[in-house]
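Letter by letter, the chains look like this.
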Amino acid sequence: MQVVGAALLRTDPLGQRRALASRRTGPPHLAGYWEFPGGKVELGETDQQALVRELREELGLEAEVGERLGPDLPIGETAVLRVYLCQAVGEPALVDHDAHRWLAADELDDVAWIPVDLPLVEDLRELLR
């Protein structure tokens, strides 16, 4: 199974680059952890098409999908996560998450990332600087 995630980036009014972290509500063992939003790639979809669809469904956002961030990350023994840099228009809605935060490079450690996303946080920090 293929899963895609979005490292959504924006520049705030003061010119500081920020990335979106979204807090999960489930499943129970992941509730309360923060993640790059996204979801499963459906049959016949490209990674990019799936990510655009997932961001519409989960966040109510339109997004432009850019380059990959980091390598494939295994999720257990049956799935792989691919994260892409994305630009979004507007503010995310609370649909599948109970909170969103736009984090600067020095704030990335302020949230508890889900374990599968954690290896990409350092790569993201470098991009935000």
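Note: the structure precedes this text.
Chains are numbered independently. Their residues run from 1 in the order of the written sequence. Reporting in this predicted model follows two pLDDT cut-offs: at least 70 for local features of residues, and 80 or more for side-chain atom pairs to be given and counted; totals over whole chains, interfaces and linings ignore these cut-offs and use all residues. Hydrogen atoms and water are omitted, and side-chain values are computed over all heavy atoms in the structure.

A. How the structure looks around the pattern of salt bridges. Salt bridges, as used here, are contacts in which a Lys or Arg side-chain nitrogen is within 4 Å of a carboxyl oxygen on Asp or Glu. If you walk through the whole model with that rule in mind, you get 16 salt bridges. R82 is the salt-bridge partner of D47, the closest N and O atoms lying 3.3 Å from each other. Taken together, the positions of D47 in helix α1 (residues 47-59) and R82 in strand β6 (residues 79-89) put the pair 35 residues apart, joining distant regions of the chain. Relative accessibility under 20% of the residue-type maximum defines a buried residue, over 50% an exposed one, and the middle range a partly exposed one, all with a 1.4 Å probe and only protein chains included. Residue classification places D47 among the buried positions, given a relative accessible area of 10%. What makes R82 partly exposed here is its relative accessible area of 25%. R53 serves as the salt-bridge partner of E57, at 3.3 Å between the closest nitrogen and oxygen. Taken together, the positions of E57 and R53, both in helix α1 and four residues apart, correspond to about one turn of that helix. According to the relative accessible area criterion, E57 is partly exposed, its value standing at 46%. On the accessibility criterion, R53 (14% relative accessible area) is buried. What you see here is one network of salt bridges that share partners, running through E42, E45, R53, E54 and E57. Segments assigned H or I by DSSP are reported as helices when at least four residues long, segments assigned E as strands when at least two residues long, and all are numbered from the N terminus.

B. Spatial organisation of α1. The span one expects for a helix is its residue count, reduced by one, times 1.5 Å. If you check α1, its first and last C-alpha atoms are 17 Å apart, about what 13 residues at 1.5 Å a residue would give, namely 18 Å. Buried within α1 we find D47, A50, L51, V52, R53, E54, L55, E58 and L59. Phi for G60, located one or two positions after α1, is positive at around 70°.

C. Fine view of unusual backbone geometry. Here G26 and P27 are connected by a cis peptide whose omega angle stands at -5°. Note on placement: P27 falls in the loop between β2 (17-24) and β3 (34-35).

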